[in-house]
Amino acid sequence: MTVPVHKAWSIKAWLDEFAPEVMDPLLTVKSKDSKTFIVSFSLKTGATSYIIRLQNPNRFIRENIVSSSPAEIESLDPYTEYSLGIMSVNSGGQSQPSSSVTAKTVLPPPQLSASSPSNNSITVSWAPVANAVQYSLSLYKFAWNTTIITHNTSNTNWIVSGLDMGSVYVIKGFAWDPEGRQGEDSLYIDQMTRPAVPSIANVSMVMNNGLAGISVSWERDEGVFGSLQYHVMSDQNLTCNSTSSSCTLSPVGCGEVHTVRVSTSDEAGPSDQSGPVVFITFPCPTQSLAVVESTEGSCMLTWDTVTHVNSYTAFIKSGDGAEESCNTTSRSCTYNCTCGHTYLMSVMAFNQAGSSPEGQVLNYTTLPCCPEGVSISAVSTDTFEITWTVSRGAELYQTRAADSSEVILCNDTAPVCALSDLSCDSSYSVVVTPCNDISGCNRACKAHTQITAPCMPMNLMLTQRNSSCFSVSWTPNNRLANYTVTASGDDGTRACNTDGNSCDITDLPCGSNFEVSVIATSPAGLSLPSYSELLETGPCCPVDLTVDQVTQAMSNVSWSPAKGVHTFITSLTSTRGHARCHTMDSHCLMGCITCGTNYTVTMEAISHSGRRSNCSYEGFSSSACCPSGVRLYGMAHSSLRVHWRGAGSTHSYVTELVSSRNNYTCTASPWESSCDVPNIQCGDVYTVVVAPLSPEGSKVLFCAQRIYSVSCAGSNLGTVIYRGKRSVD
């Protein structure tokens, strides 16, 4: 803006003319927190921004530019009084400051810290806040929506009692200034109370990987927050820790007395220890076992006293598996001890923790008895396996098998024996005799009779009856047996059964190889299979065979593959002669074929070993013979006559004359030997073919072609000249 030169303007007058008007004082000034004011004011039309001017007690002035109302003034000093004014700003400048208002920031928040001295209390403490006259605190239980405890105090600590054990509490607070204003809220802190004292529910013995231990379990408080760590201790210097509801003190020995206590801890610290539980471990093994035979058939078992024992159980086990037990609170037990027995004796001690480990085992043996349950089975054609129950008092068993010609013995300490190299199809008397070092052997045990398996069939012979049947025979060498003949090969298995010495295998497929063997069976079992013989059936005939005539005197014979065939001999036979070829292929080219002749088609299929199969197929008829003596004659009226020798053929003939410009055809009926072709174009070279027609009307394709040139004589045909013969392509 330009100021006229004729008028003198002062800066103040210019500002009064163009600067914004002075604003009204701030409407409100409130504390958002101890370092922030929220101010509100009336907006001025045309103002682009506003300047808040603050002055503290040290007369330090700062200005904040704001754009609208309300506005926040940050980074102030806590509990400090400020003088505040406002100015508006537009394109002409800024207004003069408004009249000022006075406001004071609130007290800063207390810095809280907490701990849990017990399982139902929390202690909260904080550093003093300058100028604070009182403090207000609130305590919330985590995950609850209501304040459960509030507290006002002028102290800098607060002990809260009567809280839930093992729970999380959230705490906040603020300070009050002398003017009765609430200061800024502190940040929330959380504190967990210590857990409840665990209650021992059960103490028992456990075994883990061969080590004994004391399993201690307690009732777990599922309502607590977070994880709990449990600590179990014994006065025998054993401890264990767990986060579940049980823990094992390990290792422990027999006859020990333990005083067990349990405590738990969470983030707040440990609980008190539970009440003591006294637990005695399992008893130690009994020692110094002895047997006293008091009267005939009665024995007394004695042992030394074991501490911390409620009762004893004596176990008496005889050699035949019978068991007897005796429960007592004394240190002796009476039982029956009949002769002819072996006894294993042990004593277990018991208390509330369980049984003692296995201790001394006393072995007491009497005279042996004959074994019971003797079982004889043939495990192979020349071997018996004899088993029996353990006999009383036996330390060694002598097994004897005898027939009319030999005796075989076996000595062993086990209740099983194998007698080998026995004769097939023989009857043996078998006796098992028990022995011991004290009384020797009992020779009064009864004998058992057992027959060995049949002998292996010998001298196998194969005789072919027809193409699918073979007779199998062998030398009979058993007293009484049935026989099974089996032929196995790639095409499956065939079998037949008989009680004689021969059998027929039927339904054998062609072109197959089988391995044939014979097995004899009797109530005593199965013999070894006979030595195998190879059986080969004749090769298969091809299913499909085709004869295709290539030329008048040559044909191609082809056939489908056939199983078991190595080479083929194919024959075409007629009254006028025959053709034959021998090949490994599936086709054959045959010459010397007579035209117009019916042939019989046969084949011999030959295997690798020379076996032959004769195969017959549908007959083959060669095509009609091509005519001979073909001649071409010029006729009147531009006609040509084609003449040939057909020897009274019953076939019709077709004649074709082909040149580079024209093609002519004519057909002659059976028994005719010429054909006239009219309207021939002279001055050209013609290829002439005369071929018989099949009954179906198709032309024989391999008749020879003859070449003639036909000249012109004026408008008529001239000389016809034979130029030679050309074979069919």
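Preceding this section is the structure that the text describes.
Conventions used here
- Residues numbered from 1 in each chain as written.
- Predicted model: local features only at pLDDT ≥ 70, side-chain atom pairs only at ≥ 80, totals over all residues.
- Heavy atoms only, no water.
- Phe/Tyr/Trp six-rings, centres within 6.5 Å; stacked < 30°, edge-to-face > 60°.
- Helix = DSSP H or I, 4+ residues; strand = E, 2+ residues; numbered from the N terminus.
- Buried < 20%, exposed > 50% of the residue type's maximum accessible area, 1.4 Å probe, protein only.
- Lys NZ or Arg CZ within 6 Å of the ring centre and 35° of its normal.
- Pairing = 2+ DSSP bridges.
- Axes fitted to C-alpha atoms, helices over the stretch in contact; angles between N-to-C directions.
- Contact = heavy atoms within 4.5 Å.

### Remarks on the packing of aromatic side chains
Each pair of aromatic rings is reported with the distance of its centres and the angle of its planes.
1) Next: Taken as a whole and judged by the stated rule, the model has 16 aromatic pairs.
2) Next: Measuring from ring centre to ring centre gives 6.4 Å for Tyr-140 and Tyr-188, while their planes differ by 65°; the resulting arrangement is edge-to-face. Within this pair, whereas Tyr-140 is found in strand β11 (residues 134-141), its partner Tyr-188 is found in the loop between β14 (168-176) and β15 (189-192), the two being separated by 48 residues in sequence.
3) Next: Taking 5.2 Å as the distance between ring centres and 50° as the angle between the ring planes, the aromatic pair formed by Trp-474 and Tyr-483 counts as tilted. Each member of the pair, Trp-474 together with Tyr-483, is buried.
4) Next: We note Lys-104 situated over the ring of Tyr-79; from NZ or CZ to the ring centre the distance is 4.4 Å.

### Brief notes about the sheet that holds strand β36 (residues 416-419)
1) Next: Taken together, the three strands give an open sheet; going across it, the order is β32-β33-β36, and neighbouring strands pair in antiparallel fashion. If you trace the sheet from one side to the other, it starts and ends with β32 (375-380) and β36, each paired once. Averaged over all adjacent pairs, the angle separating strand axes in this sheet is 25°, with direction ignored.
2) Next: In the sheet, β32 pairs with strand β33 (residues 383-387) via five bridges, with the strands oriented antiparallel. Each bridged residue has a counterpart across the sheet, and for Ser-377 the counterpart in β33 is Glu-385.

### Thoughts on the environment of Gly-619
1) Next: Secondary-structure assignment places Gly-619 in strand β54 (residues 612-621).
2) Next: Put simply, Gly-619 and Val-547 are 72 residues apart on the chain and 9.4 Å apart in space, counted from C-alpha to C-alpha.
3) Next: With near-sequence residues (within four places) excluded, Gly-619 lies in contact with Tyr-599 and Val-601.

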